[in-house]
Amino acid sequence: MLKISTGAMAILLMGAAAMLSSCSSNTTPTVEVFYKEKEPSLRTLERTKDVLQEHEKNLNVTYYIITEPENKELLQKYNFPESHFPFAVVIDGKYTALIDDRLVQFVDFPLFMKGIGKHEGNWSMDDLAGVLANRGMLRDKNVLPESVGVSGNQPQ
């Protein structure tokens, strides 16, 4: 049996903690924003950019127009329809989060757009800011909301 002194154990534990800390802080979150070039989506894009700007030094953000042909493969990657949804935010490859026992999908319009009719989502700008601050809320599997209406709506 290997014996380690208390001092050596403390040094080992401090080193391990430092390694874990540096690994998690070196990871810059990627944020992919999908939108349409139409008024409801553009209004959501403006508000989303406001939230992202608060964290912009710590994010790698890319914007994609949903209807552009060159984005087709990326939409398929996330199981998004090619044109039948207006907006989505994907953080580190994920758009589904668990926030205070609520399953939230950053797909379709956020809550401030309530009353728009079709494509009402279940997320708010505060939800987005909270997940950007604590990515641990992101779920391993993406689940599209039923409002997106994609056949084969399976978790990713």
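Just so you know, the residues in each chain are numbered from 1, in the order the chain's sequence is written. Selection of residues for local features in this predicted model requires a pLDDT of at least 70, selection of side-chain atom pairs for listing and counting requires 80 or more, and totals for whole chains, interfaces and linings are taken over all residues. Side-chain measures were taken over the full set of non-hydrogen atoms in the model, leaving aside hydrogen atoms and water.

1. With respect to the environment of M125
Phase 1 of the analysis: We count a stretch as a helix when DSSP gives it H or I for four or more residues in a row; a strand needs E for two or more, and each element gets its number in order from the N terminus. Relative to the assigned elements, M125 resides in helix α4 (residues 125-133).
Phase 2 of the analysis: Residue M125 is classed as buried on the basis of its relative accessible area, which comes to 11%.
Phase 3 of the analysis: C-alpha of M125 to C-alpha of F106: the two residues are 19 residues apart in sequence and 9.7 Å apart in space.
Phase 4 of the analysis: When checking whether two residues touch, look at their non-hydrogen atoms; a contact exists if any pair is within 4.5 Å. Leave out the neighbours within four places in its chain, and M125 touches T44, R47, T48, V51, P110 and F112. Only protein chains enter the calculation, and the probe is 1.4 Å; a residue is then buried if its accessible area is under 20% of its type maximum, exposed if over 50%, and partly exposed in between.

2. Here's the deal with helix α2 (residues 39-54)
Phase 1 of the analysis: Expected span of a helix, by definition, is 1.5 Å for each gap between consecutive residues, and there is one gap fewer than residues. An ideal rise of 1.5 Å per residue puts 22 Å on 16 residues; α2 measures up with 23 Å between its terminal C-alpha atoms.
Phase 2 of the analysis: Every buried residue belonging to α2 is among S41, T44, L45, T48, V51 and L52, and all of these are buried. Axial view of α2: buried residues confined to an arc of 125 degrees, hence all on one face. In α2, the exposed positions angled more than 90 degrees off the buried face are occupied by E46 and E54.
Phase 3 of the analysis: The secondary structure elements touched by the buried residues of α2 are β1 (30-35), β2 (60-65), β3 (87-91) and α4. The arc refers to the directions leading from the helix axis to the C-beta atoms.

3. Thoughts on the pattern of salt bridges
Phase 1 of the analysis: Every case where a carboxyl oxygen of Asp or Glu lies within 4 Å of a side-chain nitrogen of Lys or Arg is listed as a salt bridge. Taken as a whole, this structure holds 3 salt bridges when the rule is applied.
Phase 2 of the analysis: Where D92 meets R135, a salt bridge forms, and the shortest distance between an N and an O atom there is 2.7 Å. Linking D92 in the loop between β3 and β4 (96-99) with R135 in the segment after α4, this pair joins segments that are 43 residues apart in sequence.
Phase 3 of the analysis: When its relative accessible area of 28% is taken as the criterion, D92 is described as partly exposed.
Phase 4 of the analysis: Given a relative accessible area of 26%, R135 falls into the partly exposed group.

4. Quick look at the sheet that holds β2
Phase 1 of the analysis: Paired strands, in this sense, are two strands between which DSSP finds at least two bridges. Spatial ordering of the open sheet is given by β2-β1-β3, a layout of 3 strands whose pairing is mixed. Sheet topology places β2 and β3 at the edges, where each strand pairs with a single neighbour. With direction set aside, neighbouring strand axes in the sheet form an average angle of 15 degrees.
Phase 2 of the analysis: Pairing of β1 with β2 involves 6 bridges; the strand directions are parallel. In this analysis an axis means a line fitted to C-alpha atoms, helices contributing only their contacting stretch, and an angle means the value between N-to-C directions, from 0 to 180 degrees.

5. A look at the side chain of T48
Phase 1 of the analysis: Along the polypeptide, T48 turns up in helix α2.
Phase 2 of the analysis: Among residues more than four places away in sequence, those in contact with T48 are F87, V89, W123, M125 and L128.

6. Details of the packing of α2 against α4
Phase 1 of the analysis: In the contact formed by α2 and α4, the axes pass within 10 Å of each other and the chain directions differ by 35 degrees. Judged by the twist between their axes, the crossing of α2 over α4 is right-handed. Across the interface between the two elements, T44, R47, T48, V51 and L52 of α2 pack against M125, L128, A129 and L132 of α4.
Phase 2 of the analysis: Three categories are distinguished: nonpolar for Ala, Val, Leu, Ile, Met, Phe, Trp, Tyr, Cys and Pro, charged for Asp, Glu, Lys and Arg, and polar for the others, with Gly belonging to the last. Residue composition of the contact of α2 with α4, grouped by class: 6 nonpolar, 2 polar and 1 charged. Each crossing gets its hand from how the near helix is turned against the far one by less than a right angle, where anticlockwise is left-handed and clockwise is right-handed.

7. As for unusual backbone geometry
Phase 1 of the analysis: At D92, a residue that is not glycine, the phi angle is positive and equals roughly 50 degrees.
Phase 2 of the analysis: Positioned with a positive phi, D101 is a non-glycine residue whose angle comes to about 65 degrees.

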